[in-house]
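Structural features, examined
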Amino acid sequence: MTGHVSPKRVYYAIFASLMVLTAITVSIAFIPLGRLNFPVALSIAILKATLVVLFFMHVKYSSRLTKLICGTAFFFLLVLFGLTLSDYLSRGWYTAPGGTTGAGTRVRIGPAGAAPGER
Amino acid sequence: MPDGLAAHADLHGHAHDPALQHHFQTLDQQHEAATLGMWVFLVTEVMFFGGLLMAYLIYRIWYPEAWAEGSEELSIALGGFNTVVLITSSLTMALGVRSAQTGTPRATVKWLLITIALGLTFLVVKFFEYKEKWDLNHIPGPNFIFEGRPDLAPHLEIFYSLYFGLTGLHALHMVVGVSILSVVAWMAYRRRFTPNWYTPVEISGLYWHFVDVVWIFLFPLLYLVDRARQVS
């Protein structure tokens, strides 16, 4: 026999947790938390995804190489988001004395109607 | 399986499990290579969806109001129902892989057919969601109309472009997944799998769970944007 065989109750427990977390994420979405609503929803999604990856996809019982490859995906996703947002979120923070922020870089972030590229 | 072993030994003049391919030394190594290869593919899939999610993130930061308005038009009931359907299909898929591991092919066929049925249910619900958007002229393009907030229409078109891009790509993966599972179910019906070799079940299972993980992110990102604003 190859591969780890999980007991059925593990699968049922993970399934139940995923259902509960789905119910929680829908309920919390209607509670006004201001800026926190988005991070909370994202954290619950990450928790759910982790459960699926570890137990349904057997990564918990896989070789360290498989774990590394799996981790690579999320590492590079963070690099993609992190580096890109460090640009988009920081635009217009600083203007050099006697100059502009640079051609086309000053983007107002936040209020609707602020089109990208608007000075 | 001594019989198979003997038969195989006759053919080749050397004895090993018939499920073990010649370029692997052990069944465990063969299993490891297959799952590792699938994971490498799934990493490329993460990057594939990652680009769209990056675009989603930037535009959501730029146009929060359009995101809230657009998301409100999506049905939490249908999206939530589909989430439940997909998570249930992940459970039946996991049980299908388990039944292949324990050598119960009848159960494998049963679980795979249930998984396929749940996948098709998801796609049917998705079709009716798209149909509604079509009827409301919420498809980005020259005929796009958003009656509630016409001033936000250009930004809402971006929201709906990403909605259709992300869910459309996800639905395409579901169609591919259902097709793959149909073949695997047929193989299970023909008793092709043993506890020593069930690679297609395991690999297609990984793919199916990955598609589930994508939806786990898409549901809150598209359906649950700023819903608290209606309450306050």
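Residues numbered from 1 in each chain as written. Chains lettered and ligands numbered in written order. Predicted model: local features only at pLDDT ≥ 70, side-chain atom pairs only at ≥ 80, totals over all residues. Heavy atoms only, no water.

The next subject is the packing of helix α2 (residues 27–62) of chain B against helix α7 (residues 199–223) of chain B. All names here are of chain B. As a packed pair, α2 and α7 sit with axes 10 Å apart at the nearest point and diverge in direction by 15°. Comparing their axes, α7 and α2 come out roughly parallel. As for how α2 packs across α7, the hand of that crossing is right-handed. Per-class residue counts for the contact of α2 with α7 are 17 nonpolar, 3 polar and 3 charged. (Axes fitted to C-alpha atoms, helices over the stretch in contact; angles between N-to-C directions. Helix = DSSP H or I, 4+ residues; strand = E, 2+ residues; numbered from the N terminus. Parallel < 35°, antiparallel > 145°, perpendicular 65-115°, else oblique. Left-handed = near helix turned anticlockwise from the far one by under 90°. Nonpolar A, V, L, I, M, F, W, Y, C, P; charged D, E, K, R; others polar.)

So, about α7(B). Helix length check: α7(B) (25 residues) gives 36 Å between terminal C-alpha atoms against 36 Å at 1.5 Å per residue, within 8%. Of all the 25 residues making up α7(B), 25 are buried; the element is thus mostly covered by neighbouring parts of the structure. (Expected span 1.5 Å × (residues − 1). Buried < 20%, exposed > 50% of the residue type's maximum accessible area, 1.4 Å probe, protein only.)

This paragraph deals with the environment of B:Met38. Residues and elements named next belong to chain B. On the secondary structure map, Met38 appears in helix α2. On the accessibility criterion, Met38 (12% relative accessible area) is buried. Counting along the chain gives 170 residues from Met38 to Trp208, while the straight-line C-alpha distance between them is 12 Å. Other than its neighbours up to four places away in sequence, Met38 contacts Ile203, Leu206 and Tyr207. (Contact = heavy atoms within 4.5 Å.)

With that out of the way, let us pick up the confidence of the model for chain B. Per-residue confidence for chain B gives a mean pLDDT of 92, with 93% of residues at or over 70. Both scores are available for the predicted complex, with the pTM at 0.88 and the ipTM at 0.90. (pLDDT = per-residue confidence, 0-100.)

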